[in-house]
Amino acid sequence: MADAVRVSVTVNGQPRAAEVEPRLLLVHFLRDTLGLTGTHVGCDTSNCGACTVHLDGVSVKSCTILAVQADGAEVRTIEGMAKGTDLHPLQEGFWAEHGLQCGYCTPGMIMAAADLLERNPDPSEDEIREGLAGNLCRCTGYHNVVKAVQHAAQLQRRGEVPEPEVSKTGQETAQELAAKGVGA
Amino acid sequence: MTQAHNGKADGRHVGQRMRRKEDPPLIQGRGNYVDDIALPGSLHAAFVRSPEAHARITSIDASAALARDGVDGVFTGNDVDLESGLPLAWVPPGIEVQAPEHWPLVKEVVKHVGDPVAVVIGTDKYAVVDAAEDVIVDYDPLPVVTDPEAALEGGDLVHPDIGTNKVHEWSLGGDVESALAASEVVIERRFVNHRIAGAPIEPRAVIADYRAGDLTVWSSTQIPNFLRLFLAIQLGMTEDRIRVIAPDVGGGFGSKLQIYGEEILLAWCSRKLGRPVKWVETRSENMMASHHGRDQVAYVKMGAARDGTFKALHVRIIADLGAYSLFLGPLIPSLGAFVMPGCYRWDAVRTDITGVFTNKTGTDAIRGAGRPEATHYIEIMVDQMAAELGIDRLELRRKNFIPKEEFPYDTPVGMTYDSGDYQGTLAKLLEHIDPEQERGRTAEGKLRGIGFSTWTEICGLAPSRATGPSTLGVQAGLWESALVRVQVTGSVTVYTGTSPHGQGLETSFAQIVADRLGVDPQQVRVMHGDTSQGPQGLGTYGSRSLAVGGEAIARATEKVVEKAHAIVAHKLEAAPEDIELREGKFSVKGSPDKGMTLAEVAGLAYIPEGNLPDAMEAGLEETAFYDPDNFTWPFGAHAAVVEVDPETGKVDVVRYVAVDDCGTPINPNLIDGQIHGGVVHAIGQALFEQVAYDEDGQLLTGSFVSYALPSAAEVPSFETARTVTPSPVNSLGVKGIGEGGTIAASAAVTNAVIDALRPAGVDFINMPLTPMRVWEALQEKGGAPA
């Protein structure tokens, strides 16, 4: 193993540092070194987008970037999207519109969509589809992913995230489950 | 079979578009997939896989790998002592199915690219990959068999010890030759239904932890109970010492309905080394080592009277099963034979299947498993016949549909369709799409086509009497189980033997239970995917989880309700039959003010103090095992509108309408979601996806760079609608919808492309309808029409 190098990054607002192999991928740094397992790996050719995170505010595929390249950068992952108990509008959108099934592509999809909405707060369906073309989903056929992003765009434009419509206890369940780290 | 559970549901949640209970952790990055689990002291595994399609291993030199820091062991095929090899679970009575030896690591001869030759175990997941590269394997290449039809004609053999490349022959149906002879018009087509991958976005992953005689295996699998059984058999253990956990599973699509060598081998390694061992498949490994699906050549003859009355359908399938007979691989084409009559009346239908070995990855169930192929053949043949006879293709369908009055309907292949209304789904489809209007929208310079597919399929797997060892030959009962436990506070935990991995069953099952117990679905927790919890079950595949697993849950819940009624009746001094569930309380009919909530009933059940009827046991939980009487047969009518660019051959699906009937809907969001995803899986096969090998057996589509999964930019949004024809088979009236979209859609898209190309003289074409193939077909006919 080559000599370890020190990598310092700010992840979801927290300063984090570690000695790592120079060849360590950013996605493995996040998952294995920092324990942030919400960012997933679905391929080895940067096609699927399951590993999408934000690097200095721009969405990147973290399987294509070395951890050392992120040295000094701000990284945001799916774990940094909700504010306390308030879901991010995209998280709310994906939940409300049944925008996920197995959930494996979802964190990457949400991070890519967040970048899209940052650049284009009111995208058309075609713009959403083009904007998410680097994120593959095998479950949803993308129909509800598009609706989820539209839902979130609308919430963001209105500057609000309403309570879930069907069950008010859902939000509490979300927090409770997340606190326990319990999977579905 | 009793139908005693009908009509008892309160009905407040069943049928509602409830948000999923599964989602909160998943949308916050707090899911729990196998790769998210890190056990202290865990080792990592990496595989050395064959780059050759067929070759004898002449030597393996692992010394350089073993010399590396952090490498704990390198094992090859002859190091691994197992009680038996990987299983084939299908043994049809009276039919020989060849099942060559298949070990987790090859012992002498590799049979396909990706066949595992050695495993490297070490402390660091990067280091074991380096070490695997250091394992030097010498191969002596052997002749490679890739063309399934040529393979049947003799010549080189995949398994010389077996003496033939034929895996098996299997037939279903009657005297189709007479019916064809009596037909005024007979047409014949050759189909290639090419090989595709399941390609769940989460590749496979396994952790095995053997300690002091007990084995725990986490696996990204659809079948944890089957896996436990085969771990026991192959490792020489008993099931009571083995726990299999399928935590969050990132999609399966049939590709995780398999007993994989890596699962068995990691358990063996953990036992050998006394430490946990973890392996996560790379996508490149997934493309070469997870099973593929489809890969059939079919010769189809269809006979009809000149007036359009269908007479006979004869389908001869050559199924490329790859190098080994996998878990259910040889059985898969037979699932197509069961639905070969489609939605129509025939004098005779027959399917003859020949399985073939080739030097490719094995094939097995991929979403739809045999039925997408069958529906593809039927629905394209119907359109071909319509063109031959000069009869409108929808009129031809209507003329031959089984009328709804004739259900339950006995088909000429010995199946009984439970219920159906094929005219109804087609009529509803045509409320949404007008073919003539669509044709009028043709863009300048483009060819526009509209295609239809009216489908039915077999799901609700399975009635054991129809599929068991003495009938179809599956070496298992395919019942399902449920345990419904009311805790003392009135919260409810449901244990299911199904193993959902994206279907949303935690939500739909909770809806079913909540209505029957008068509680909110948030109070109902559904547990699955852990063999140490709840009764045994058979897993999730074949659109069975609601129709079989859901019904088991309904029945267990009804037993709880029955006990609750007895407890309430005793307490309130009424007769049990006079107790009803009303506004969340078990109350005496006519006296709604006198009632008890589930929590109050549970209080009495767990703290009896003499409040229970004589001889009643304390507690409030019940188990049910449900083995259905029949399969269920969902159906529908789909329409695809495509636009073809004649200059490039590129096909765009510009509109897609799906009207489906899966019986009583439990959660319409989940149904729509299954349709969307299923349709895109089939659009993928029709237009983009193909697992391709060259003639040397080299895999040409070894990653997502070359295996073209559709992205959001390549598919449209969908229009979905439903009719509701309850199944009489189960008390819920449900049929299953996990595969219907996939089963319907490749034919709809292909028929649409043929419809678009027909003015140019192209009247038949096989998938995948890539730009090159479509362009070439047009060129053969002299290019696009002016």
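Residues numbered from 1 in each chain as written. Chains lettered and ligands numbered in written order. Predicted model: local features only at pLDDT ≥ 70, side-chain atom pairs only at ≥ 80, totals over all residues.

For the rest of this paragraph, the subject is the overall build of chain B. Along the backbone of chain B there are 20 helices and 28 strands. For a compact globule of 786 residues, the expected C-alpha radius of gyration is about 28 Å, and chain B comes in at 27 Å, within 12% of that figure. Dimensions of chain B, computed from the C-alpha atoms along their principal axes, are close to 85 × 75 × 50 Å. For chain B, with 786 residues in total, the buried portion stands at 61%. Put simply, of all contacts in chain B between residues at least 6 apart along the chain, 81% involve residues at least 24 apart. (Helix = DSSP H or I, 4+ residues; strand = E, 2+ residues; numbered from the N terminus. Rg over C-alpha atoms; globule rule 2.2 N^0.38 Å. Buried ≥ 20, exposed ≤ 12 C-beta atoms within 10 Å, placed from the backbone. Contact = placed C-beta atoms within 7 Å.)

This part takes up the sheet that holds strand β1 (residues 5–11) of chain A. All names here are of chain A. Pairing within the open sheet is mixed, and its five strands lie in the order β2-β1-β5-β3-β4. Both edges of this open sheet fall to β2 (14–20) and β4 (58–61), since each of them pairs with a single strand only. Adjacent strand axes in the sheet meet at a mean angle of 40° when their direction is disregarded. Note that β1 and strand β5 (residues 74–76) share two bridges and pair parallel. Each bridged residue has a counterpart across the sheet, and for Thr10 the counterpart in β5 is Glu74. Seen against the sheet, helix α3 (residues 106–119) touches β3 (52–55) and β4 and runs at an angle of roughly 40° to β3. (Pairing = 2+ DSSP bridges. Axes fitted to C-alpha atoms, helices over the stretch in contact; angles between N-to-C directions.)

For the rest of this paragraph, the subject is the packing of α3(A) against helix α5 (residues 143–158) of chain A. Residue and element names in this part refer to chain A. At a minimum axis separation of 11 Å, α3 and α5 run at an interaxial angle of 45°. Taken together, the axis directions place α3 and α5 in an arrangement best described as oblique. Pair α3 / α5 crosses with right-handed handedness. In this structure, α3 contributes Met109, Ala113 and Leu117 to the contact, and α5 contributes Val145, Val149, Ala152, Ala153 and Gln156. The class makeup of the residues in the contact of α3 with α5 is seven nonpolar, one polar and no charged. (Parallel < 35°, antiparallel > 145°, perpendicular 65-115°, else oblique. Left-handed = near helix turned anticlockwise from the far one by under 90°. Nonpolar A, V, L, I, M, F, W, Y, C, P; charged D, E, K, R; others polar.)

All names here are of chain A. Taken domain by domain, chain A comprises domain 1 (5–80) and domain 2 (89–172). Relative placement of domain 1 and domain 2: their C-alpha centres are 22 Å apart. On the side of domain 2, 11 residues touch domain 1, which itself brings 15 residues to the contact. Listing elements by their share of the side of domain 1 that touches domain 2, those giving two or more residues are β3 and β4. Of all the elements, β3 adds the most residues to the side of domain 1 that touches domain 2, at three residues. (Domains from an automatic or database assignment.)

Attention now goes to the sheet that holds strand β23 (residues 585–588) of chain B. Residues and elements named next belong to chain B. Strand order in the open sheet formed by three strands is β22-β23-β24, and the pairing between neighbours is antiparallel. Only two strands of the sheet have a single partner each, and these edge strands are β22 (579–582) and β24 (591–596). Each strand axis lies, on average, 45° off the axis of its neighbour in the sheet, ignoring direction. Two elements, β22 and β23, share four bridges in a ladder whose sense is antiparallel.

Let us look at the domain arrangement of chain B. All names here are of chain B. Domain annotation for chain B reports domain 1 (23–31 + 479–626), domain 2 (34–142 + 203–249 + 256–289) and domain 3 (292–462 + 630–780). Computed from C-alpha atoms alone, the centre-to-centre distance between domain 2 and domain 3 is 36 Å. Counting from both sides, the interface comprises 23 residues of domain 2 and, opposite them, 23 residues of domain 3.

Residues and elements named next belong to chain B. Spanning 28 residues, helix α16 (residues 545–572) covers 38 Å between terminal C-alpha atoms, matching the ideal 40 Å at 1.5 Å per step. For α16, the tally of buried residues reaches 21 of 28 residues, placing the bulk of the element in the interior. A positive phi of about 55° marks Glu573, the residue just after α16. (Expected span 1.5 Å × (residues − 1).)

Take the environment of B:Lys559 next. Residue and element names in this part refer to chain B. Tracing the sequence through the fold places Lys559 in helix α16. Residue classification places Lys559 among the partly exposed positions, given that 16 C-beta atoms sit within 10 Å. Excluding its chain neighbours within four sequence positions, the residues that come into contact with Lys559 are Glu622 and Ala624.

Let us now look at the confidence of the model for chain B. Residues and elements named next belong to chain B. On average, residues of chain B score 96 in pLDDT, and 98% of them are at 70 or above. Note on residues 1–10: pLDDT under 50 across the span, and 15 contacts to partners over four residues away in sequence or across chains. Here the predicted complex scores 0.95 on pTM and 0.97 on ipTM. (pLDDT = per-residue confidence, 0-100.)

In this complex, chain B contributes 52 residues to the contact, which on the side of chain A involves 57 residues. Mapped onto the side of chain B that touches chain A, the elements with two or more residues apiece are α1 (23–27), α8 (283–289) and α18 (668–688) of chain B. In terms of residues, the side of chain B that touches chain A owes the most to one element, α18(B), which gives six residues. Tallied by class, residues from the side of chain B that touches chain A come to 22 nonpolar, 19 polar and 11 charged.

This part takes up the pairing of strand β15 (residues 348–356) of chain B. Residue and element names in this part refer to chain B. Counting buried positions along β15 gives eight out of nine residues, so the element sits mostly inside the fold. Here seven bridges tie strand β7 (residues 166–173) to β15, and the two strands are oriented antiparallel to one another. In the strand pairing of β15, Lys166 is matched with Val356. When strand β14 (residues 310–320) meets β15, the two strands line up parallel, connected through nine bridges.

A few words now on the environment of B:Asp140. All names here are of chain B. By secondary structure assignment, the location of Asp140 is in strand β6 (residues 136–141). Each C-alpha atom, one on Asp140 and one on Asn359, is 15 Å from the other, the two residues being 219 residues apart in sequence. Excluding anything up to four places from it in sequence, Asp140 contacts Ala55, Arg56 and Thr58.

Now for helix α6 (residues 224–235) of chain B. All names here are of chain B. The end-to-end C-alpha distance of α6 is 16 Å, a good match for the 16 Å that 12 residues give at a rise of 1.5 Å each. Burial of α6 is extensive: 10 of the 12 residues sit out of reach of the surface. Burial in α6 covers these residues: Pro224, Asn225, Phe226, Leu227, Arg228, Leu229, Phe230, Leu231, Gln234 and Leu235. At its buried positions, α6 is contacted by β10 (214–219), β11 (242–245) and α7 (261–273). Of the residues trailing α6, Gly236 is marked for its positive phi of about 70°.

Residue and element names in this part refer to chain B. Viewed as axis vectors pointing N to C, α6 and α7 meet at an angle of 55°, and their least axial separation amounts to 10 Å. Here α6 lies oblique to α7, going by the angle between them. Note that α6 runs across α7; the crossing there is right-handed. Every residue of α7 that contacts α6 at Leu227, Leu231, Gln234 and Leu235 is listed here: Glu263, Ile264, Ala267 and Trp268. Class assignment of the residues belonging to the contact of α6 with α7 gives a composition of six nonpolar, one polar and one charged.

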